[in-house]
Amino acid sequence: MSQDPVALVRTLVEQNIRAMNSNKILKEWYNRDLFRELEHYYEEVGEEDDSIRSLYTGLFKKWRAEGKIRTDIDDELLPTFFESLAYIDSHKEEIGIQHFPQVVQYLAEFIMKGLTDFQK
């Protein structure tokens, strides 16, 4: 994956949210009430690495080794920036549905630019 990190992550975020919204199981997974219950479970047993988190984690490690992203942000924090975008999307009614999907696309771009523009 030699594609520009900003463009690649923007595509990944768009695909993740599109999949979440079109899949009843994933949509329920991001249901606020269910998520609150799951948070307690994760605190008790520890969070397992899922495929999306693994994908982001792998990309960040690769990009960090190549000097493409900042090194001052903890490895465990990096994927949470993008995981939070799914939660923002699941609250689009409260935020203003007229702003979607643009707000998520811009936030993904802003996050990646914040991670990659440190050299400029």
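This write-up is about the structure you can find in this document.

Rules used throughout
- Residues numbered from 1 in each chain as written.
- Predicted model: local features only at pLDDT ≥ 70, side-chain atom pairs only at ≥ 80, totals over all residues.
- Heavy atoms only, no water.
- Phe/Tyr/Trp six-rings, centres within 6.5 Å; stacked < 30°, edge-to-face > 60°.
- Helix = DSSP H or I, 4+ residues; strand = E, 2+ residues; numbered from the N terminus.
- Buried < 20%, exposed > 50% of the residue type's maximum accessible area, 1.4 Å probe, protein only.
- Salt bridge = Lys/Arg side-chain N within 4 Å of Asp/Glu carboxyl O.

1. Some points on the packing of aromatic side chains
Then, in step 1: In this structure the tally under the stated criterion is 5 aromatic pairs.
Then, in step 2: Consider the rings of Tyr56 and Phe60, whose centres lie 6.2 Å apart with planes at 20°: the pair is stacked. In this pair, Tyr56 and Phe60 are both assigned in helix α4 (residues 51-65), 4 residues apart and thus about one turn of the helix distant.
Then, in step 3: Since its relative accessible area comes to 3%, Phe60 is described here as buried.
Then, in step 4: Following the ring pairs from residue to residue traces out a cluster consisting of Tyr56, Phe60, Trp63 and Phe82.

2. Considering the pattern of salt bridges
Then, in step 1: Evaluated as defined, the whole model comprises 8 salt bridges.
Then, in step 2: Asp72 serves as the salt-bridge partner of Arg70, at 2.7 Å between the closest nitrogen and oxygen.
Then, in step 3: A residue is classified by how much of its surface remains accessible, and Arg70, at 27% relative accessible area, is partly exposed.
Then, in step 4: One network of salt bridges, in which partners are shared, links Arg10, Glu14, Glu109 and Lys113.

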